[in-house]
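# Structural overview for review
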Amino acid sequence: MMLAELGSRIREERKRAGLTMQELSEMAGVDRTMLSRLENQRLPEMGFAKLQRVLAVLGLEFAVRPVGGLPTLNDLQREQAKSDV
């Protein structure tokens, strides 16, 4: 997943959580302008620690797997749980 795609997903999850950009930025300890640029696909790069904090506030995490690899059982269960909500 590229940073632009991740930004769109973060926006969806932030809205689903009922958080404003300001609230998420304060909770994650990142600049609101940076978060806005991330969500609007205008941020060329972002440090891992900052991105990890944003994801953690939203209850998300990074996962590493081979490119084009099949999803794990945990991946499928997480996706199913999200669609059940």
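In this report, we go over the structure that sits alongside the text. What you see is a predicted model; the values in this text were computed from it and never measured.

This brings us to the overall build of the protein chain. Each helix and strand counted, the protein chain has five helices and zero strands in total. Secondary structure elements of the protein chain, listed N to C terminal, follow the sequence α-α-α-α-α. Along the longest, intermediate and shortest principal axes, the C-alpha atoms of the protein chain span 35 × 30 × 20 Å. Counting every position in the protein chain, which comprises 85 residues, the buried fraction comes to 27%. Across the protein chain, every contact between residues at least 6 apart in sequence was considered, and the portion connecting residues at least 24 apart equals 55%. Total accessible area on the protein chain is roughly 6,100 Å²; 54% of this is exposed by carbon and sulfur atoms.

Before going further, it helps to spend a moment on the nonpolar core. Within the largest apolar cluster, 16 residues are counted, with the highest numbers of intra-cluster contacts made by I10 and V54. Every element with two or more residues in this core is listed here: α1 (3-16), α2 (21-28), α3 (32-39) and α4 (48-57). If we skip the residues at most four places from it in the chain, V54 touches I10, L24, A28, V30, L35 and M46.

Glycine aside, a negative phi is what most residues show, and trans is what most peptide bonds show. A positive phi angle, close to 60°, is found at Q41, a residue other than glycine. Here Q41 lies in the loop between α3 and α4. Looking at Q41, the relative accessible area reads 47%, which means it is partly exposed.

Among the structural elements, E39 can be located in helix α3. Overall, E39 belongs to the buried group, its relative accessible area being 1%. Once the C-alpha coordinates of E39 and M21 are considered, the two residues, 18 residues apart in sequence, prove to be 9.4 Å apart.

How each quantity is defined
Residue numbering note: each chain is counted from 1, following its sequence as written. Only residues with pLDDT of at least 70 are given local features in this predicted model, and only at 80 or more are side-chain atom pairs given and counted; all residues enter the totals for whole chains, interfaces and linings. The side-chain figures draw on all heavy atoms in the structure; neither hydrogens nor water molecules are used. Starting at the N terminus, helices and strands are each numbered in turn, a helix being any DSSP run of H or I of at least four residues and a strand any DSSP run of E of at least two. Only protein chains enter the accessibility calculation, which uses a 1.4 Å probe. A residue is then buried if its area is under 20% of the maximum for its type, exposed if over 50%, and partly exposed in between. In what follows, a contact means two residues having at least one pair of non-hydrogen atoms within 4.5 Å. Areas reported here follow the Shrake-Rupley algorithm with a probe of radius 1.4 Å; residue values treat only the protein chains shown as occluding. Definition of nonpolar core: a set of buried residues of the types Ala, Val, Leu, Ile, Met, Phe, Trp, Tyr and Cys, connected through side-chain atoms within 4.5 Å.

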